[in-house]
Amino acid sequence: MTTDGMDIRDISISNAEWRVIIDDFESGVNQGPILNIDPDDDREYDAIFIGGGAGGRFGSAYMKAAGGRQLTIDRWPFLGGSCPHLACVPHHLFSEAARELDYARTFSGRFWYPEFDESKASILEMVQLFLSGRNSAHSFMNYQSKEQLGMEYILNASATVIDANTVEAAGRIFKAKNIVIGTGSSTRVPEVPGIGLKGVYDYATLIEELDYDPRSCVIIGGSKVAIEYGSFFQAAGCQTTILARSPLMAGTGLHHVDDDLREYVVWGMRERGIVIHDGTETLEVLGDDRVTGVRVRLSDGTVTDIPCEMVFIGTGERANSDEYVKTLGVAVDDRDSIIVDAHMRTNVPGVYAIGDIIGPPMEMFKARKCGMTAARNIMGEDYTFDFSEYPDFLHSTYEVTWVGLSEREAREKYDNVIVLQMPPPGVPYGDIPLPCADGTMMLAFTHPERTGFQKAVFDATSRKLVGAHHVGYGAKDGFQYLDHMIHTGDGVTIDQMAEMNELFLNPSHFIQLARLRAGAKDLKSL
Ligand code: KPC
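One structure accompanies this document, and this report is about it. Please read all numbers here as calculations on a predicted model, not as lab measurements.

1. What about the site of the ligand?
Argument step 1. Close to the ligand lie Ala54, Arg57, Phe58, Gly80, Cys83, Pro84, Val89, Met141, Met364 and Arg368, which account for all nearby residues.
Argument step 2. Measuring from an oxygen atom of the ligand, one finds a side-chain N or O atom of Arg57 at 2.8 Å.
Argument step 3. Residue Arg368 places a side-chain N or O atom 2.9 Å away from an oxygen atom belonging to the ligand.
Argument step 4. The fraction of the free accessible surface of the ligand (350 Å²) that becomes covered by protein chains is 75%.
Argument step 5. Of all elements in the fold, only helix 2 (54-65), helix 3 (82-85) and helix 10 (364-378) reach the threshold of two or more residues within the shell around the ligand.
Argument step 6. Broken down by element, the residue count for the shell around the ligand peaks at three residues, all from helix 2.
Argument step 7. In terms of residue class, the shell around the ligand is built from seven nonpolar, one polar and two charged.

In C-alpha cells:
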C-alpha cells in the first residue's frame, strides 16, 4: 500500500500483482505516480510520449526495440489508453452481447432456447461485467510494457509540456530530443439545452456513471458509436431511437460505404425495432433534474417530443489538443485536430502527434501505426504512413466490414464493373438462405432474410478486385488480408481468387463466387 507513489524500476511485477495494484489505485488506496525509470541509462530520451494509449505504447515499444530511449507518461495508472478502459474493448463486449441477445430473441422458445426473459436483458449488467474485468487488460499492458518490452514509463501522473524538449511529470523535469503527443480525443458534446442533465451519457460516462437500467433511449447523432451502442441498447431491451442528421452510414465520417450494404444494415436495425430518423435537428434535452425526453425537429419540419429514460450522445469526437496549441503553438484544423505530415511531424520542430488527436479515422490500426511512424522517423528513418485507404468495420447486431471501393465509386472510376453478390442483385433478402456460413447457419434454416449480405466489386477490364463488403459474422479477420491484397503491389484478380482455397462454409463467399465466373473472358455479375 502506498499514498505517495511507487518506484517499481527494480522489482518485477506479475500480471496478478499488477491487478491488485491497479485495483488499489482505482479505489484510492494507492495514490501518486508509478515510476519506472532507468537510473543507469544516462542517455537523453529520444522521445517522451505523452499519452500511453495505443499510439504512445506502440511507438514507445518500437523505439525501444530499435535501440532508442523513450519515456511514456500517462495520467492513468495503466497503459493502453481509452481502448481497454472506455472505448473499443467495452464496445466489443457490448456488440457480442447484442449478437447473443439477438439470437436469444430470434429463437425464443425454439430448440434449446427458453422463452426470452426481458428481465434478464440488462445494459447495466454488461457495464458492470466490463467494470469487474477491465483492470485485467490494464494489468497486462503494464506487465508487457515493462517486463517484456523494457519500456520506461510514468503512470498516474499528468505531463505538463514546458517546451518542445521539456516535460514536467511527477514533480520532476525530463528532457528529450523529441516530444510525441498522443492524448486522444473526447466526445464532441452538442450544444443543446439540457445536455448536462442526469441521464445523458456518452460512451465514456456510460461506463463510469450508469447506475440504472434504462428501458428507453434517444441517441443524438448517427456516428459509428450511435449504431453500435444503439444496437446493443435495443438488443438489451431498451427501446432505442436514433436522431441523425445524415442517413446512417451515409455521412462524410465513413468512406467507401456501399449503398446495398448500407441498406441491409439499416434494414436490419429497423427490423429489430430501432427507430431511426435522419434529417433531424435536436432542439432540447427535456427534464428537470434528469432526462425525460428529447425535443426534435424531424425532416418534414414537425417538432415532436420523444420520451426516454436515457439520452446517449453519438455525434463523434474532437481532439484533446487545446493544451498543446497553448504551450507549443501546434497548428490544428477546424475540428481541433493537430495537423501532421505523413511522418507525423507537427509544425513545431521536434514535436510529433499521433492517434486520435490528429483526427479521423479514430481507429486502433491508425493510432498504433502513427506511433510506429513517429518512432521510425525519430530513430533516423525516412518513413511515411498514408492512412487514406484502410479496411473499416462496425457492429450492429452484425459485424459489418468493408474495404476498397463501393460499387457506385467503382462505376464512377471504371467503365466495366461487375459484382459478385449474395443475395444476388434483385433477389429479396428472404428469398434464399444465403449467404450462410459460420454464425448464420441456424438463421439460414429459420430466417433466411437475416443471414447477411456480401458483395465483391471487380474492374472487369483489369479483372482486379477493387472492393469488398460484408454483413455477417467472422469476416473482420479476412478483411485485414483482403485490404492488403487490394492495396499492395498489382492487387489481386478474379483469376487469382479462383485459385485460392476456400474453407467451406466460410463467412465470405468471395473465393467460390470468383471461381464460378473466372472462366469467362468477358466477366459478368453474379
Ligand atoms: C487487449 C487488447 O489488445 C486491447 S487494449 C489494446 C491497447 S494497446 O495494446 O496499447 O493498443
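2. A look at the environment of Glu389
Argument step 1. Residue placement: Glu389 occurs in the loop between helix 10 and strand 21 (392-395).
Argument step 2. Given the relative accessible area of 36%, Glu389 is considered partly exposed.
Argument step 3. Between the C-alpha atom of Glu389 and that of Gly404, which follows or precedes it by 15 residues, the distance is 7.5 Å.
Argument step 4. Beyond its immediate chain neighbours, meaning those up to four positions away, Glu389 contacts His255, His256 and His487.
Argument step 5. At a separation of 2.9 Å, a polar atom in the side chain of Glu389 contacts the side chain of His256.

3. Describing the layout of surface pockets
Argument step 1. Counted as a void, the second largest pocket has a volume near 400 Å³.
Argument step 2. Around the second largest pocket, the lining comprises 18 residues; the ones closest to its centre are Gly478, Leu482, Asn506, Ser508 and Ile511.
Argument step 3. Listed by contribution, the elements that provide at least two residues to the lining of the second largest pocket are helix 13 (476-487) and helix 15 (510-517).

4. So, the side chain of Lys224
Argument step 1. By secondary structure assignment, the location of Lys224 is in helix 7 (residues 224-235).
Argument step 2. Within the structure, the side chain of Lys224 is placed 3.0 Å from the backbone oxygen of Phe393, a separation counted as a polar contact.
Argument step 3. Here Lys224 is in contact with Leu254, Glu363, Asp392, Phe393 and Leu394, once residues within four sequence places are set aside.

The rules behind each value
- Residues numbered from 1 in each chain as written.
- Predicted model: local features only at pLDDT ≥ 70, side-chain atom pairs only at ≥ 80, totals over all residues.
- Heavy atoms only, no water.
- Near = heavy atom within 4 Å.
- Polar contact = N/O pair within 3.5 Å; in protein donor to acceptor, adjacent residues only side chain to side chain.
- Areas by Shrake-Rupley, 256 points an atom, 1.4 Å probe, with all protein chains shown as cover.
- Helix = DSSP H or I, 4+ residues; strand = E, 2+ residues; numbered from the N terminus.
- Nonpolar A, V, L, I, M, F, W, Y, C, P; charged D, E, K, R; others polar.
- Buried < 20%, exposed > 50% of the residue type's maximum accessible area, 1.4 Å probe, protein only.
- Contact = heavy atoms within 4.5 Å.
- 1 Å grid on protein atoms, 1.4 Å probe; cavity = no way out; pocket = protein on both sides within 12 Å on 5 of 7 lines; lining within 4 Å.
- Points joined across faces, edges and corners; volume = space filled by probe spheres on them.

Fair warning: the whole summary comes from geometry, so function is off the table for now.
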